[in-house]
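Coordinates in review
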Amino acid sequence: ISKIIQCLVGSCLNRENILDVGCWIGFLTNYLAENDPYAKFTGIDISEKSLNIARENAEKMNLHNVEYRVANLLNLRDSFEEDSFDSVLLIDVLDDTSREGNIGDFMLDEKIEEVSRITQEKGLVTIKFTKAGKYGSDWENTLPKILKRHSIETSKYYTKIEYTFSNGNTTDSFIISGVKNERL
């Protein structure tokens, strides 16, 4: 997991206003906020119960640069205006987007459109997902095309991290980043 966190910390460097979509209990959000006290972090999740735990942990860590809100990625218009963030993290949020092996299922396009709407010009969007097979065999081409359709340009490269669980099973995680309205 530390390799994944190292990659994600890089996504927040020199950023001032970071959104963590689907933050759950705030583990990553609090970690990032603790390590960059000059940036403002916002964590959103659909579970108030999870967010209460995130808030309690932030309070125990004496963090003053993080806030948590109940919000749904498909309807952020009530929560955030356009161009609200210069970095948006989607960590394992899109893993359940495609249950049929088709990257277009379960409103992925709408989710990426909303991410683009709240991301500032030249803002960074970082997506981490596991088990790329859920996205079909052509995810390396398909996901960047969907991002590009919403003005998020990605490089040709992604980071692949193999993770071994304590029971010996392994899985691959993939991290892809893109910048809004900028050619890479």
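Coordinates for the structure precede this section.
Section: the pairing of strand β8 (residues 170-180)
Here β8 lies mainly inside the structure; 8 of its 11 residues are buried. The sheet contact formed by strand β5 (residues 119-130) and β8 spans 7 bridges and is antiparallel. What sits directly across from Phe129, in β8, is Phe174. Pairing of strand β6 (residues 152-154) with β8 involves 3 bridges; the strand directions are antiparallel. In the strand pairing of β8, Glu153 is matched with Val179.

A short note on the pattern of salt bridges
For the coordinates displayed, the defined rule picks out 7 salt bridges. A salt bridge links Asp92 to Lys128; the nearest nitrogen and oxygen atoms lie 2.6 Å apart. Residue Asp92 is located in the loop between β4 (85-91) and α4 (108-118), and its partner Lys128 is located in strand β5; the two are separated by 36 residues in the primary sequence. In this structure Asp92 comes out as partly exposed when scored by relative accessible area, which is 33%. We classify Lys128 as buried; its relative accessible area is 5%. Residues joined by salt bridges that share partners form a network here, namely Lys40, Glu67 and Arg69.

Notes on helix α3 (residues 48-60)
Taking 1.5 Å per residue, 13 residues should reach 18 Å; α3 reaches 18 Å between its end C-alpha atoms and fits that length. All of the buried residues in α3 are Ser50, Leu51, Ala54 and Ala58. Viewed end-on, α3 has its buried residues packed into an arc of 95°, placing them on one side of the element. What points out from α3, more than 90 degrees from its buried face, is the exposed set Lys49, Glu59 and Lys60. The inward-facing, buried residues of α3 abut α2 (27-35), β2 (40-45) and β3 (66-70).

Notes on the nonpolar core
If you look at the biggest cluster of nonpolar residues, it comprises 25 residues, and the most contacted ones within it are Leu19, Val21, Val88, Leu90, Ile112 and Ile127. Of all elements in the fold, only β1 (17-21), β4, α4, β5, α5 (139-149) and β8 reach the threshold of two or more residues within this core. Ranked by the residues each element gives to this core, the list is headed by α4, at 4 residues. Non-local contacts of Leu19, meaning those with residues more than four positions away in its chain, are made with Thr42, Ile44, Phe80, Phe85, Ser87, Val88, Leu89 and Ile118. Among the nonpolar cores identified, the runner-up in size contains 20 residues, and Phe41, Ala54, Ala58 and Leu63 belong to it.

Conventions adopted
- Each chain carries its own residue numbering, running from 1 in the direction its sequence is written.
- Two thresholds apply to this predicted model, a pLDDT of at least 70 for residue-level local features and 80 or more for giving and counting side-chain atom pairs, whereas whole-chain, interface and lining totals are computed over all residues.
- To obtain the side-chain values, all non-hydrogen atoms of the structure were included, while hydrogens and water were left out.
- Burial status follows relative accessibility: with a 1.4 Å probe on protein chains alone, a residue under 20% of its type maximum counts as buried, one over 50% as exposed, and anything between as partly exposed.
- Each helix is a run of DSSP H or I of at least 4 residues and each strand a run of E of at least 2, with the numbering of both proceeding from the N terminus.
- Any two strands between which DSSP finds at least two bridges are classified as paired.
- A side-chain nitrogen of Lys or Arg and a carboxyl oxygen of Asp or Glu constitute a salt bridge if their distance falls within 4 Å.
- Helix span is expected to be 1.5 Å times the residue number reduced by one.
- This arc is built from the directions going out from the helix axis to the C-beta atoms.
- Residue contacts are defined here by distance: any two heavy atoms, one from each residue, within 4.5 Å place the two residues in contact.
- Buried residues of nine kinds, namely Ala, Val, Leu, Ile, Met, Phe, Trp, Tyr and Cys, make up a nonpolar core once their side-chain atoms join them within 4.5 Å.

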